[in-house]
Number of protein chains: 12
Amino acid sequence: MANLVYVLNGPNLNLLGSRETAVYGDKSLADIEKICRTAAGKHGLTIEFRQSNREGELIDWLHEAKAKAVGVLFNPGGYTHTSVALHDAIRAIGLPVIEVHLSNLFAREPFRHHSYISPVARGIICGFGAEGYRLAIDALAGVLKSEKK
Amino acid sequence: MANLVYVLNGPNLNLLGSRETAVYGDKSLADIEKICRTAAGKHGLTIEFRQSNREGELIDWLHEAKAKAVGVLFNPGGYTHTSVALHDAIRAIGLPVIEVHLSNLFAREPFRHHSYISPVARGIICGFGAEGYRLAIDALAGVLKSEKK
Amino acid sequence: MANLVYVLNGPNLNLLGSRETAVYGDKSLADIEKICRTAAGKHGLTIEFRQSNREGELIDWLHEAKAKAVGVLFNPGGYTHTSVALHDAIRAIGLPVIEVHLSNLFAREPFRHHSYISPVARGIICGFGAEGYRLAIDALAGVLKSEKK
Amino acid sequence: MANLVYVLNGPNLNLLGSRETAVYGDKSLADIEKICRTAAGKHGLTIEFRQSNREGELIDWLHEAKAKAVGVLFNPGGYTHTSVALHDAIRAIGLPVIEVHLSNLFAREPFRHHSYISPVARGIICGFGAEGYRLAIDALAGVLKSEKK
Amino acid sequence: MANLVYVLNGPNLNLLGSRETAVYGDKSLADIEKICRTAAGKHGLTIEFRQSNREGELIDWLHEAKAKAVGVLFNPGGYTHTSVALHDAIRAIGLPVIEVHLSNLFAREPFRHHSYISPVARGIICGFGAEGYRLAIDALAGVLKSEKK
Amino acid sequence: MANLVYVLNGPNLNLLGSRETAVYGDKSLADIEKICRTAAGKHGLTIEFRQSNREGELIDWLHEAKAKAVGVLFNPGGYTHTSVALHDAIRAIGLPVIEVHLSNLFAREPFRHHSYISPVARGIICGFGAEGYRLAIDALAGVLKSEKK
Amino acid sequence: MANLVYVLNGPNLNLLGSRETAVYGDKSLADIEKICRTAAGKHGLTIEFRQSNREGELIDWLHEAKAKAVGVLFNPGGYTHTSVALHDAIRAIGLPVIEVHLSNLFAREPFRHHSYISPVARGIICGFGAEGYRLAIDALAGVLKSEKK
Amino acid sequence: MANLVYVLNGPNLNLLGSRETAVYGDKSLADIEKICRTAAGKHGLTIEFRQSNREGELIDWLHEAKAKAVGVLFNPGGYTHTSVALHDAIRAIGLPVIEVHLSNLFAREPFRHHSYISPVARGIICGFGAEGYRLAIDALAGVLKSEKK
Amino acid sequence: MANLVYVLNGPNLNLLGSRETAVYGDKSLADIEKICRTAAGKHGLTIEFRQSNREGELIDWLHEAKAKAVGVLFNPGGYTHTSVALHDAIRAIGLPVIEVHLSNLFAREPFRHHSYISPVARGIICGFGAEGYRLAIDALAGVLKSEKK
Amino acid sequence: MANLVYVLNGPNLNLLGSRETAVYGDKSLADIEKICRTAAGKHGLTIEFRQSNREGELIDWLHEAKAKAVGVLFNPGGYTHTSVALHDAIRAIGLPVIEVHLSNLFAREPFRHHSYISPVARGIICGFGAEGYRLAIDALAGVLKSEKK
Amino acid sequence: MANLVYVLNGPNLNLLGSRETAVYGDKSLADIEKICRTAAGKHGLTIEFRQSNREGELIDWLHEAKAKAVGVLFNPGGYTHTSVALHDAIRAIGLPVIEVHLSNLFAREPFRHHSYISPVARGIICGFGAEGYRLAIDALAGVLKSEKK
Amino acid sequence: MANLVYVLNGPNLNLLGSRETAVYGDKSLADIEKICRTAAGKHGLTIEFRQSNREGELIDWLHEAKAKAVGVLFNPGGYTHTSVALHDAIRAIGLPVIEVHLSNLFAREPFRHHSYISPVARGIICGFGAEGYRLAIDALAGVLKSEKK
């Protein structure tokens, strides 16, 4: 559909709200889904919102997005730092992908400073907690609008 | 003032619109200033918008912001990757600072992948061109609102 | 249950006993399960013993352990060296996790010398073959006892 | 079966033919399967041809190959560079494994220059596009013949 | 003697119980000696328990163990990370040596992540405080039993 | 000539068959020449087969190939890992060059894991002993055929 | 003047006393100036005390010191770790320069462990807070006395 | 003006002739200015000759050159090794820039072996003392002539 | 005693005055002891002055200082760069330790640029020859006074 | 002869004009020889102009230059980055050697950024194409003149 | 004495002949002492032959040698790779020191490839087993003779 | 011949005696040849003494030695640090090879600290000038004698 956006969430994000709230905030993933739907609605976009702990399933969903969606909002969780396969999937599908992270990765351990996703993402939004998803929907809407021109 | 935001731009950003438009987009810095003012207005914020090619002047302005502003939106340009002094200035002032970059630094040369600013920024928005400033104003507004609570 | 311990085994451990016995010993995974049950019984603990070749499934099981178990004994196999996602899962669940390895990783190839699991494990037992599982059950029992105090 | 060969394909290879054809060529995975079957037929070999985006499923299939096949032709895609678990699986099964890559990895990004698979592969064929699979079938047939002697 | 085990403790371990108890626990070295004697008694082993701040004396004692003991339990303290000479001593004596650390070294500074002792130890037990010594005695007893077979 | 292929062999390959046969196999260089001629004949190609221990002579021959041949099969021996000059020569001549190695370099010392030749080779075949030359002739024939189209 | 000493302070030091007092102490820069004047007076030295956030201005002042002063006490702040230009300025002027830091840089982030100033400083005093300036004045007085001999 | 060339000199170059003459030679900056004017005159070029210790001022002057000059001769002094901002300025202005150094940087400390300027300079002249400026004027004249064609 | 300070000197410092005087100065260790006693006297401190070539003995003395002294002045000589055990000893005793070096380590070989002692020292004084000891006594006196408050 | 200059060209430079003209320009080596002769004539110098693909022959010629020439202009081609032997030859002969490169090495692959020749060259000229040779002759003439004084 | 030579042996060398004879040979340290005495006798030298496992004692002996001997033959064992203090001791005493190793360190683990002793040794003899001591005595005799001239 | 030894000398050694005598000594290569012949004569060995500046010729000679000689004394000059091809040649011929260097490489530039030859040499003698060749002949004689047993 011309207005469908995939919002894909990687490993451990299903625990949001209960897990290390000092780092990740107290919003649950369901709260974030609502934030996304509201934000998307303002731009006439609809949302397919999913979470998986499995790298392979995330790859499948990116492939699926190629056929069904106009863009992807992606929080790859821990796979951010280790997955060449997700990097390749993003290159393969050719859609605009926005990388989002709840915490400021650059203020944490060094192994979180490198992302295999960033070089193939359209843009990165990082450190704003659940609000980052809303910003990313806005950002994606802007990208889609500018590409239509 | 309780609603003043400093928008600080580092070296070479005065050339925007004429400089490498494939990388940085065709908006001038004046265009970006307008985008910021419009976005800020929606949140009841006012903008002090400046650009300098000098590391020391940017430090001065960050110090000045401490006394006058509630937050900073900062695109440090090339100093992003080399300035411990700006890192220290941000730590010293204690205001929320949003780091913005027009281009996706992680899709460019390796020396642009490390930022001395990111570990002390509240959040990072990168790769969305001039739109990134609008998103950053929104993000900062959100941060300020959540801190008031 | 207050006395349930998850014993989770990562990739290729299903081949134990037939695979490179000079490195991993001649005990099968079923033998190790028995060792664990016997050792756990002495401490009044019961065992949920599983193996998976899939990183995502191991993450799911760690999440499941959060709800059902008091601690985890974990041999992450090859994911030890590459999985930030498992690292995050362990941090997220907050249970004591004991990392076990059959072989002495430090006497093998350099890429086996770094573990993403160790910094978030309570303790590490490595190089004692199948016996290491028995020691780890003992160790976990000790940790649980000391925490009750 | 004494003449069965597993041809295993890793993440994103299902998109072949439509994905970055300048890098990977315009043959689909189905085309490659035909190339393999034809080449194998000349050596009296039969082919089990599969693709998965999941690291764990690829490990399962390597284990399965141990029981059923005489050799493996393996294009691990993005897992080439990140998977110790696949490295261990190949060591565990003891079959001759031929590593194939469509593109010349060494002419691409530095993170593609290291393979965890190569040290445990019998040989590597890289850079010949779909033709590389035919060469690899030939190579594997040669290895099998020489080992019978 | 066929049942004598050397328990050797490196630099600063004489201060245990008073030193950084958050890191090393509140047991004194005398407490640990008792734990070792009790654990050893259960396996019919006797204990020679020593501590030295001197690298050379630790080497002497390892040499002495070669003539008198059947195995060694070794906590090399700060020499763990810097002593090739202790590495060589362990190789030279040919006895099974179990490396023990009170704290989880991998959760501390990077310079504590490398051990010159581990590659020549039979196994490593790390992060269990004073309990780790009891586990190590058990582990050594198991190693000795399996080697008799 | 439109069907001439240069097969160039670098340092120490003249000793093949007598030198470290466990690593390089028991075929002599004369045996390999025969393998190449037979394989080339099937594709209507003729072979200019040479060996030199001198980097400069190998460069000369690559230059010569530019004028006389349609492609090159190249085993650069020890110069693989150290010669920018050969890298430049291959770029300069513009012919398709297939890099062949008898042994699996990636299963040997780290200094053999980097090749200055690979980034400018069309493809790489490595680890199949003398058979690798036959495969490389086939591969080159395929490349030449595909380029004619 | 034969008894004039330049005391130069780099970026962010103007905020002393209000900025991160746990790290830098609660003395203001004016307090430090007084400490310096008192200490200098005891040695018959007079003080030119300045602060700048600008690398170039600090270079200018070092040049100026060459003409007017007998030595320099220098706290380069964040430029310590990044400025080859200041390194060169110190070499160029040939005066004894004492490097002072309020905090113990070696107990902080790794990027603070390297100084471009130290190799060209006469000596380094680090970690004593405002007291370090007094010690540095004493140290410089000693250096000047010993050079007169 | 179509024949104006900016000759820009970075930090500490104002001290030339008095500073470390064994390294930099005994010519003053005024001597070098004369050399430049004479050399430029032979090619019908005029010279704007400046020196600054400030990175930001050098950036300003590069921007200014964009509007007024046909090329730049640049000795960035110590900023050579640390300034991404100057690198970006050169890319931004699009003029041919010749990088000159008085001393042979590659015969000095390792931190002088890397230049952020070189990748964006048209060419580099290094090690010829004041003569290098004359050569650089000649070189720039040649570049300008060849571009007119 | 409440006013006792240990001054500990590491390996080779017994040779001072005769050894490489261009680097270390012409004062003997006895001269330095006198300097320390004089300086300490002014602050009402007494001195226990020792030298050892043995890492273990230095550790013993640090432990001893814990019971008897109020602070330590420590020149660890060559052990500065290699001793984790001394690092641990300083952490263990909890006294303020001032690290002193006669020469400017940062102007010498790279292996002298890293100190295991500095991160656990209160402050560092380096490059002032024998005078450095006097400064360090002053510094320690200041630290002790400020802690009494 | 007191006015003879060797102009030595390394591997692949014989192909100039036909090889990668976008990188190296369209001048042939014969064209460059003419440029050198003309430039040398203006300074009363004569030229011995040679090219070899062989490292050893280039060493021989440098040795020969020692006996016959007053200076050397050297483009070592690919040996620039790999030849300690050429580095040693230049040190051994004691003549002024000017290093020339046609392309800007620093704008190319990282392995071209290090030169074994530069630390022993008198000066480096790089990035000016064939013109660089003319500049280098001028530079060498200047060096020779200044040394006569 | 003008003809006394210290032969100093570091840690674990007391076990020679019984320890890893495949690496170190079957000669005992007593055998080596005899070899040294015989070799020294031929040059009119006498030998002081010692072994210690303690770094500090080896330093003491080097200091002692300064007063009593004309040269030192030194096998520092495992301290070779870790001791800056021994490096400093050799620099301090100013005697010619010959470094000897029984095994070829460069054919062993990477951590044995670096020696802190070599840069301050007169020469190195390595890989000849016990014979290496005889060669080192000869070498030292030659050095002493050449220095008398 | 059963008593023939090849003494092979690499690049620039033909200049010995005239080249950097402070580093390499004042003996010419002819002097060294005499030293070798005399030393060899004492052991009933004869000498084939050669020098080449060409890596390939040195490889040829090593191959030739395989057929004619019982051992090789090899000073590879600058190729020591860069030649995998010479490393391979030594492995290929199976003769004992003694590596000799006139100067102490470990007291010189870092790039001279790594040798590709050492891991395949029987032993290394380094730093004794021309005397080192005599020692190496003695060493080789010893190796040959011990192998006959």
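Residues numbered from 1 in each chain as written. Chains lettered and ligands numbered in written order. Predicted model: local features only at pLDDT ≥ 70, side-chain atom pairs only at ≥ 80, totals over all residues. Heavy atoms only, no water.

Q: Got a sec to walk through the relation of the copies chain B and chain A? Specific residues and values, please.
A: After a rotation of 180° and a shift along the axis of 0.0 Å, chain B superposes on chain A with an RMSD of 0.0 Å. The superposition of one copy onto the other is thereby described by a two-fold rotation axis. No C-alpha of chain B approaches the rotation axis more nearly than that of Ile125(B), which lies at 2.3 Å. Both copies share a contact surface, since 100% of the interface residues of chain B are interface residues in chain A too. (Least-squares fit on C-alpha atoms with pLDDT ≥ 70 in both. Contact = heavy atoms within 4.5 Å.)

Q: Before we move on, can you summarise the environment of Leu58(L) with the specific residues and values?
A: Residues and elements named next belong to chain L. Structurally, Leu-58 can be placed in helix α3 (residues 55-68). The exposure class of Leu-58 is buried, given its relative accessible area of 0%. Leu-58 sits 28 residues away from Leu-86 along the chain, and the two C-alpha atoms are 7.7 Å apart. The contacts of Leu-58, once residues within four sequence positions are left out, are Leu-8, Asn-9, Gly-10, Pro-11, Ser-52, Phe-74, Tyr-79 and Leu-86. (Helix = DSSP H or I, 4+ residues; strand = E, 2+ residues; numbered from the N terminus. Buried < 20%, exposed > 50% of the residue type's maximum accessible area, 1.4 Å probe, protein only.)

Q: Give a detailed account of helix α4 (residues 84-93) of chain D, specifying residues and quantitative values.
A: Residue and element names in this part refer to chain D. Of all the ten residues making up α4, nine are buried; the element is thus mostly covered by neighbouring parts of the structure. Taken together, the buried positions of α4 are Val-84, Ala-85, Leu-86, His-87, Asp-88, Ala-89, Ile-90, Ala-92 and Ile-93. Where the residues of α4 are buried, they touch α3 (55-68), β3 (71-75) and β4 (97-101). Here α4 starts with a cap whose side-chain oxygen sits 3.5 Å from the backbone nitrogen of Ala-85, and that cap is Ser-83. Looking one or two residues beyond α4, the residue adopting positive phi is Gly-94, at roughly 75°. (Polar contact = N/O pair within 3.5 Å; in protein donor to acceptor, adjacent residues only side chain to side chain.)

Q: Give me the lowdown on the pairing of strand β5 (residues 123-126) of chain I, citing residues and values where you can.
A: Burial along β5(I) is two-sided: the residues Gly123(I) and Ile125(I) and Ile124(I) and Cys126(I) are all buried. Sheet analysis places strand β5 (residues 123-126) of chain G next to β5(I), joined by three bridges and oriented antiparallel. Residue pairing across strands places Cys126(G) opposite Ile124(I), the latter belonging to β5(I). As judged from the four bridges shared by strand β4 (residues 97-101) of chain I and β5(I), these two strands associate in the parallel manner. Across the sheet, the residue bridging to Ile98(I) is Gly123(I), located in β5(I). (Pairing = 2+ DSSP bridges.)

Q: Now, about the pattern of salt bridges: what can you tell me, with residues and values included?
A: This model, assessed by the stated rule, comprises 132 salt bridges over all chains. As a salt-bridge pair, Arg122(F) and Glu147(F) come within 2.6 Å of each other at their nearest N and O atoms. Pair noted here: Arg122(F) is in the loop between β4 (97-101) and β5 (123-126) and Glu147(F) is in helix α5 (residues 131-148), with a separation of 25 residues, a long-range link. Residues joined in a network through salt bridges with shared partners are Glu48(A), Arg50(A), Glu64(A) and Lys68(A). (Salt bridge = Lys/Arg side-chain N within 4 Å of Asp/Glu carboxyl O.)

Q: Requested: an account of the sheet that holds strand β2 (residues 46-51) of chain C, with residues and values cited.
A: What the ten strands build is an open sheet, ordered β2(C)-β1(C)-β3(C)-β4(C)-β5(C)-β5(E)-β4(E)-β3(E)-β1(E)-β2(E); its pairing is mixed. Strands with a single pairing partner mark the edges of an open sheet, and in this sheet they are β2 of chain C together with β2 (46-51) of chain E. On average, adjacent strands in this sheet sit at an angle of 20° to one another, irrespective of strand direction. In the packing of helix α2 (residues 29-42) of chain E onto the sheet, contacts are made with β1 (4-9) and β2 of chain E, and the angle to β2(E) comes to roughly 160°. (Axes fitted to C-alpha atoms, helices over the stretch in contact; angles between N-to-C directions.)

Q: Hey, could you go over the interface of chain B and chain A for me, with residue numbers and the actual values?
A: Many descriptions give the size of an interface as the accessible area lost when the pieces come together. If you look at the interface, chain B gives 21 residues, while chain A gives 21 residues. Looking at the side of chain B facing chain A, the largest losses of area belong to Phe106(B), Ile124(B) and Phe128(B), adding up to 35% of the total buried there. Across the contact surface, chain B and chain A share zero salt bridges. Where chain B meets chain A, there are six residue pairs in polar contact (both at pLDDT 80 or more). Counting residues per element, the side of chain B that touches chain A draws most heavily on helix α5 (residues 131-148) of chain B, at seven residues. Among the residues making up the side of chain B that touches chain A, the classes are represented as twelve nonpolar, five polar and four charged. (Buried area = accessible area lost by both parts, 1.4 Å probe. Nonpolar A, V, L, I, M, F, W, Y, C, P; charged D, E, K, R; others polar.)

Q: Outline the pairing of β4(F), supporting the account with residue identities and numerical values.
A: All names here are of chain F. Summarising burial for β4: five of the five residues are buried, a large majority. What you see with β4 is no split at all: Val-97, Glu-99 and His-101 on one side and Ile-98 and Val-100 on the other are buried throughout. When strand β3 (residues 71-75) meets β4, the two strands line up parallel, connected through three bridges. By the bridge assignment, Leu-73 is partnered in β4 with Ile-98. The parallel pair β3 and β4 is bridged by helix α4 (residues 84-93), and the resulting crossover is right-handed. (Right-handed = clockwise from strand over helix to strand, strands pointing away.)

Q: How would you summarise the packing of aromatic side chains if you had to cite specific residues and measurements?
A: Per the counting criterion, the structure on display carries 18 aromatic pairs over all chains. Note on Phe106(C) and Phe106(E): the rings are 6.0 Å apart at their centroids and 0° apart in plane angle, and the pair reads as stacked. Here Phe106(C), found in the loop between β4 (97-101) and β5 (123-126), pairs with Phe106(E), found in the loop between β4 (97-101) and β5 (123-126), and the two come from separate chains. The exposure classification of Phe106(C) matches that of Phe106(E), with both residues buried. (Phe/Tyr/Trp six-rings, centres within 6.5 Å; stacked < 30°, edge-to-face > 60°.)

Q: Quick rundown of the side chain of Arg112(C)? Include the residues and the values.
A: Looking at the secondary structure, you find Arg112(C) in the loop between β4 and β5. On the accessibility criterion, Arg112(C) (2% relative accessible area) is buried. Polar side-chain contacts of Arg112(C) include one of 2.8 Å to the side chain of Asp88(D).

Q: Can you explain the relation of the copies chain B and chain H? Please cite residues and give values.
A: It takes a turn of 120° to lay chain B on chain H, together with a shift of 0.0 Å along the axis; the resulting RMSD is 0.0 Å. Seen this way, the second copy is the image of the first under a three-fold rotation axis. No C-alpha of chain B lies nearer the rotation axis than that of Thr82(B), which sits 4.0 Å from it. The fraction of interface residues of chain B whose copies in chain H are also interface residues is only 11%, indicating that the copies meet through different surfaces.

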